Amino acid sequence: MGSTDRKEQIMRGIPASPGIAIGLVHRMVFDEPDVMPRKLAPSEVPQELGRFDKALDQTRAAIERSRERALDVAGVAVGKIFDAHLLILADEVFHDQVRARITREQFDAEYIIYDSFGQMIEVISKSAGEIFRERAMDLRDVRTRLLRFLRGEGDFIPDHPTHEVILVAEDLSPTQALNLDRELVHGIATDIGGLTSHTAILARSLDIPTIVGMGDISGKVQDGDSIILNGNSGKVILNPTEASFVEYKEKRERFRSFQRYLEDIKNQPAMTLDGREIQLWGNIELPREAESVLSHGGTGVGLFRSEFLFLTRETTPTEDEQFGMYDRAAEIMAPNPVVIRTFDLGGDKYHAGINIHNEKNPFLGYRAIRVSLSRRDLFRSQLRAILRASARGNVRVMFPFVSGFEELREAKAVLEEAKHELNQRKIAFDPNLPVGIMVEIPSAAIMADRLAEECAFFSIGTNDLIQYTTATDRANEQVASYYRSYHPAVLRMIDMTIKAGDKKGVHVGICGELGGSPAATPLLVGMGMTEISMTSAMIPEIKKIIRSLTYEECVRMARKALRMDTSQEIMTYMQRELKKRFADLPIWFS
């Protein structure tokens, strides 16, 4: 299978979706239509405006179909991408500008749309950072669909492979990626992108081995070239030798054996060899995702991100609509617990019904519990819905972004108001609904020993805790290297919070991305964490690690790591320990 006239070449990128793929290259391009301006006669302008409005409606319907398909086959994270596309298309100011240009300039709708989008894409593309690259790709994707409908081509997606291949591209648009045939596409490698890029999110959801951020791989391959892609380590081998083929076929079989092993243990308890049980729970955004938690062997929902109910619609959800969602999740998980976080809006999450002004630093501004406490009508409505669901399932409520007693006590007072309103309406609820907080601000971690006096549980949100402890905007590529999950100060805050909870008999869990990191698992267990919540797909792998270690081993590793001075020392130490103990873990297949 290896090429005889081209030398083997090794490249590396960012491992975005695990697995090993061996096959032939199919170079995929983002096929934007060529557009040449066509001058209109004045009498043609009304008809052209009608064509534009019709294409808007057709494109909106097509994107809504993509969104529904994304939710069904790939989950909420992918559905959000198409929510963003619908928001782009719903911009009335943009509609008015296009109509005005068609009327004033008397050019056809295709040219005006192509040029108007192009101006926005050009401005955004000049900005640094992955977020802006993704925004530019969103605009290109929406523009291409609009142009296809204007030309009567429908929603056909060109340049899709018809045989088994490994895709290589500069990048994939969300529409391209969503329409991939998993039976034919065995792997993906792209020039650009990061772990949170659209391509990475889609690939993980579709379970396709993927490497992103490779630089210029699309310029170094031709259709039909042999290629090996290792989505576990980020390594790509172009034109591999026969020896490389043999080596990676063995590694691929080991990976598949590992996956079969995970399937076998998924319903076994996550218990260390010396008998300490850890609860492994899942993070969800829709009730139906609770089914995935159960199917992967999870025993609870540690984080129900309720703001999703707000972000997918123009209007705010009613109490009954929210109750239906919470009740459904509780029903699916019963008798296991479901922890519902009250809406965490603000920062980078906005809703049309909540007036959040542009802020110079939104992550330090009006968000989460601060929004809830200023919009008590919405807050009480949500709390009543959660309370009603608590009458029928094992439900808990959690307040985000609490910095100290002020917000906690105020939020609990609003909860009491909601209980009083339900009592007046003679509606049942659990009067002892457990109340907890997210520990994601350093002040909450420092005050954990006192806050534990008024909480039933803590859940450590490591994404924000890392961001605020290290003073690093995690979405800013210029300072990305300072966002260190294993920073000694972050680990000390986690350790401090666990110890504070233990002293007061308060349950402490974790629901940030660190919870789904294999290298962090012994650390968290060794520090005393008894509940870890994560993306459902990671539950079996984390369970494998826990079931292969003793609690005492974990304690020793945690104590040693907590004495180290740098995040790199800690990371290197934990990776070495895991590699020594788990040669079969896919993260170590290089």
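Analysis parameters
Residues numbered from 1 in each chain as written. Predicted model: local features only at pLDDT ≥ 70, side-chain atom pairs only at ≥ 80, totals over all residues. Heavy atoms only, no water. Pairing = 2+ DSSP bridges. Helix = DSSP H or I, 4+ residues; strand = E, 2+ residues; numbered from the N terminus. Axes fitted to C-alpha atoms, helices over the stretch in contact; angles between N-to-C directions. Contact = heavy atoms within 4.5 Å. Domains from an automatic or database assignment. Buried < 20%, exposed > 50% of the residue type's maximum accessible area, 1.4 Å probe, protein only. Disulfide = S-S within 2.5 Å. Phe/Tyr/Trp six-rings, centres within 6.5 Å; stacked < 30°, edge-to-face > 60°. Expected span 1.5 Å × (residues − 1).

A. Examining the sheet that holds strand E12 (residues 395-399) more closely. Taken together, the eight strands give a closed barrel; going around it, the order is E9-E10-E11-E12-E13-E14-E15-E16, and neighbouring strands pair in parallel fashion. Across this sheet, the average inter-strand angle for adjacent strands is 25 degrees, counted without regard to direction. Sheet contacts for helix H13 (residues 376-390): strand E11 (338-341) and E12; angle to E12, the most-contacted strand, approximately 155 degrees.

B. Molecular detail of the domain arrangement of the protein. Examined at the domain level, the protein breaks down into domain 1 (9-30 + 159-262), domain 2 (42-150) and domain 3 (268-589). The straight-line distance from the C-alpha centre of domain 2 to that of domain 3 is 36 Å.

C. Quick look at unusual backbone geometry. Residue Pro 335 is reached from Ala 334 by a cis peptide bond, and omega for that bond is 5 degrees. Turning to its location among the elements, Pro 335 is positioned in the loop between helix H11 (319-333) and E11. Its identity as a non-glycine residue notwithstanding, Asn 239 has a phi of 50 degrees, on the positive side. The buried category is assigned to Asn 239, whose relative accessible area is 4%. Notably, Ala 368 is not glycine yet its phi reads approximately 55 degrees, a positive angle. One can find Ala 368 in the loop between E11 and helix H12 (369-374). On the basis of relative accessibility, which here comes to 0%, the residue Ala 368 falls in the buried class.

D. Local environment of the state of the cysteines. All told, the structure shown has zero disulfides when counted by the stated rule. Note on Cys 511: no disulfide assigned, nearest cysteine sulfur contributed by Cys 455 at a separation of 14 Å. Judged by relative accessible area, which is 4%, Cys 511 ranks as buried.

E. Inspection of helix H17 (residues 462-469) at higher detail. With respect to burial, H17 is a largely interior element, seven of its eight residues being buried. Considered for burial, the residues of H17 that qualify are Thr 462, Asn 463, Asp 464, Leu 465, Ile 466, Gln 467 and Tyr 468. Looking at the buried residues of H17, the elements they touch are helix H15 (442-446), strand E14 (457-460), helix H18 (488-504) and strand E15 (507-510). Just beyond H17, the residue with positive phi is Ala 471, at close to 55 degrees.

F. Quick peek at the packing of aromatic side chains. Within this structure, the stated rule accounts for five aromatic pairs. Between Phe 94 and Phe 117, the ring centres sit 4.9 Å apart and the planes meet at 70 degrees, which makes this aromatic pair edge-to-face. Linking Phe 94 in helix H3 (residues 92-105) with Phe 117 in helix H4 (residues 109-125), this pair joins segments that are 23 residues apart in sequence. In this structure Phe 94 comes out as buried when scored by relative accessible area, which is 7%. Where Phe 304 meets Tyr 326, the ring centres are 5.7 Å apart and the plane angle is 85 degrees; that geometry is what we call edge-to-face. Of the two residues, Phe 304 is situated in strand E10 (residues 301-305) and Tyr 326 in helix H11; the sequence distance between them amounts to 22 residues.

G. Quick look at H11. The end-to-end C-alpha distance of H11 is 21 Å, a good match for the 21 Å that 15 residues give at a rise of 1.5 Å each. Of all the residues in H11, the buried ones are Glu 319, Gln 322, Phe 323, Tyr 326, Asp 327, Ala 329, Ala 330, Ile 332 and Met 333.

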